[in-house]
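Descriptive structure summary
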Amino acid sequence: MYDTLIIGAGMSGLAAGIRLAHFGQRVAILERHYTIGGLNSFYRLRGRNYDVGLHALTNITPKGAKRGPLARLLRQLRFSWDDFEISPQNGSQIVFPGAKLSFSNEFELMRSEVARQFPDQAGAFDKMVSQIVDYDDLTDEHQQLSARKVVSSYISEPLLVEMLFCPLMFYGSAREHDMDWGQFCIMFRSIFLEGLGRPFAGVRLILKLLVKRFRSLGGELKLRSGVKRIATDAAGDGTRHVVGVELEGGETIEARRVLSSAGWCETMRMCDDGEPVTSRASGQLSFCEAIATMDVPPSAFDYHQTITFFNDSPAFHWTKPTGEICDVRSGVICSPDNFGYDQPLGDEGTMRVTVLADQQRWMAMDEAAYRLAKHRWWDRIIESAVRFVPDFRARVIDTDMFTPGTIVRYTGHDNGAVYGAPDKQLDGTTHLDNLFVCGTDQGFVGIIGSIISGISMANMHCLRD
């Protein structure tokens, strides 16, 4: 009998496992795949290492900071700042037609850029920032507030509104067209007020540290152990509660509780209690990413930006693509080389370009059509990107691309939805008193957010009895 079974060996599941194992619980993490990490994983292809998911860590506060998600993560999981070997971004930019905002891990740059580009909005921007600084935490009330309405009550220039939403939505909005105000505040703080960074070794280092710590505390990690069914039984008062799980291979495992990072809709489908559960729409927003390996790092052609968020019109469209299977009007260009490392990543360089994609049409293709579409859309995505950064296509020596199908394979999320369902379960509870959710559909996104979600739900629900 396990004290807690955790479904999914992504960041939130691993963090929850560490927290529970630290307090002596018998914990097992059940992972369907042969590798760990979920969306934030890695692979090796033709002798080169690639990250899936990770562009940059958000919430990067300076070493020694006592407040903020990163400081809390380090305290709760008993890591030091130096363990993660985080290097800050060089600097990033938001580029729209006729306007550009640069930002770094020093917020004064962002403030001065807004004042330069939109001088009549500087005071309003500062007032909005003061409200974001005072914002406390995700609440159901804040989840009902439209961020667009709140932001527009401060800022009257539509172009500035669109430029602020572009990076926050690409890095954390499961909702089409808008964000809830609470999520907007969290993402604004994590990207603009705190900042971006990356471990020299990428996501591998983070996963290696989490797994090593979990196992050192006696935790059990079971790969290729997908959960088919969350088993329930009747309690003495007639209600049902979780008694364990049945794996896809037929094995049953008993537990006092289950914590699932599989996603809300995906978790509800596993339950065998037969009770109707309030329906919740699956997310619709998925990505394609074109990856280019070059024979030189980006600095060789005078490109030093860590991330460029781009949009080719004054209005930013955050919605599932229609007409085409990818929307190349906007996107994110990230170079893992362009962080403040002590030494270069290597002699080669990498550019990663991410755009919105239609999961249903990608998944409907047969194998031959799928491979052809990957080649064609790699070209189109890169062609779109080089409107906003130096044209690096002549330096490309290797390529790869992931699609919504890749996201489904790594995460199991409906529709390849990167950020899960639009409506979040902020307290992590379900209709069963010993089944809880953590991760993307609890409400925190990004690597740091996912880890904090695992910690928070473990503390709140699994360490109190």
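For the structure, check the block above.
Rules behind the numbers
- Residues numbered from 1 in each chain as written.
- Predicted model: local features only at pLDDT ≥ 70, side-chain atom pairs only at ≥ 80, totals over all residues.
- Heavy atoms only, no water.
- Helix = DSSP H or I, 4+ residues; strand = E, 2+ residues; numbered from the N terminus.
- Buried < 20%, exposed > 50% of the residue type's maximum accessible area, 1.4 Å probe, protein only.
- Lys, Arg positive; Asp, Glu negative; His and termini not counted.
- Salt bridge = Lys/Arg side-chain N within 4 Å of Asp/Glu carboxyl O.
- Polar contact = N/O pair within 3.5 Å; in protein donor to acceptor, adjacent residues only side chain to side chain.
- Contact = heavy atoms within 4.5 Å.
- Phe/Tyr/Trp six-rings, centres within 6.5 Å; stacked < 30°, edge-to-face > 60°.
- Lys NZ or Arg CZ within 6 Å of the ring centre and 35° of its normal.
- Pairing = 2+ DSSP bridges.
- 1 Å grid on protein atoms, 1.4 Å probe; cavity = no way out; pocket = protein on both sides within 12 Å on 5 of 7 lines; lining within 4 Å.
- Points joined across faces, edges and corners; volume = space filled by probe spheres on them.
- Nonpolar A, V, L, I, M, F, W, Y, C, P; charged D, E, K, R; others polar.
- Axes fitted to C-alpha atoms, helices over the stretch in contact; angles between N-to-C directions.
- Parallel < 35°, antiparallel > 145°, perpendicular 65-115°, else oblique.
- Left-handed = near helix turned anticlockwise from the far one by under 90°.

**Here we look at the side chain of Asp337**
- Structurally, the position occupied by Asp337 is in the loop between β15 (326–334) and β16 (349–357).
- Within the buried core, Asp337 has no salt-bridge partner, and the shortest N-O distance to an opposite charge, that of Arg198, equals 7.8 Å.
- Here Thr350 takes part through its backbone nitrogen, which lies 2.8 Å from a polar atom of the side chain of Asp337.
- Dropping the residues within four chain positions of it, Asp337 is found in contact with Pro297, Pro298, Leu345, Glu348, Gly349 and Thr350.

**Looking at the environment of Leu5**
- Relative to the helices and strands, Leu5 resides in strand β1 (residues 2–7).
- According to the relative accessible area criterion, Leu5 is buried, its value standing at 0%.
- Along the sequence, Leu5 and Gly17 sit 12 residues apart, while their C-alpha atoms lie 8.8 Å from each other.
- When near neighbours in sequence (up to four residues on either side) are disregarded, Leu5 contacts Ala28, Leu30, Val245, Ile253, Glu254, Ala255, Arg257, Val258 and Leu259.

**Quick word on the packing of aromatic side chains**
- Evaluated as defined, the whole model comprises 21 aromatic pairs.
- For the pair Phe170 and Phe316, a centre-to-centre distance of 5.9 Å together with 40° between the ring planes defines the contact as tilted. Of the two residues, Phe170 sits in helix α8 (residues 158–170) while Phe316 sits in the loop between β14 (307–311) and β15, which places them 146 residues apart along the sequence. The pair Phe170 / Phe316 is uniform in exposure class, with both members buried.
- Ring pairing ties together the aromatic residues Phe103, Phe107, Phe125, Phe165, Tyr171, Trp181, Phe184, Phe188, Phe192 and Phe309, which thus form one cluster.
- One cation-aromatic arrangement involves Arg213 over Phe79; the distance from NZ or CZ to the ring centre is 4.3 Å.

**Observations regarding the pairing of β16**
- Along β16, 9 of the 9 residues are buried, which leaves the element largely enclosed by surrounding structure.
- Of the pairings in the sheet, the one linking strand β13 (residues 286–294) to β16 comprises 9 bridges and is antiparallel in character. Paired with Ser286 across the two strands is Ala357, which belongs to β16.

**Some thoughts on the environment of Met268**
- One can find Met268 in helix α11 (residues 264–270).
- A residue is classified by how much of its surface remains accessible, and Met268, at 12% relative accessible area, is buried.
- In this structure the C-alpha to C-alpha distance between Met268 and Leu145, which are 123 residues apart in sequence, comes to 26 Å.

**Some points on empty space enclosed by the protein**
- The tally for this structure, following the rule as stated, stands at 3 cavities of 30 Å³ or more.
- The calculated volume of the largest cavity comes to roughly 80 Å³.
- What lines the largest cavity is Gly172, Ser173, Ala174, Arg175, Met179, Asp180, Gln183, Pro422, Lys424, Gly443 and Val445.
- Per-class residue counts for the lining of the largest cavity are 4 nonpolar, 4 polar and 3 charged.
- For the second largest cavity, the calculated volume is near 40 Å³.
- Around the second largest cavity, the lining residues are Cys265, Glu266, Ser282, Gly283, His413, Asp414, Ala417, Gly420, Ala421 and Asp441.
- The residue makeup of the lining of the second largest cavity, split by class, is 3 nonpolar, 4 polar and 3 charged.

**A look at the packing of helix α1 (residues 11–22) against helix α15 (residues 446–462)**
- Viewed as axis vectors pointing N to C, α1 and α15 meet at an angle of 40°, and their least axial separation amounts to 7 Å. When the interaxial angle is binned, α1 and α15 end up oblique. Of the two elements, α1 crosses α15, and the hand of that crossing is right-handed. Contacts between α1 and α15 involve Met11, Ser12, Ala15, Ala16, Arg19 and Leu20 from the first element and Ile447, Ser450, Ile451, Gly454, Ile455, Ala458, Asn459 and Cys462 from the second.
- Looking at side-chain class alone, the contact of α1 with α15 contains 9 nonpolar, 4 polar and 1 charged residues.

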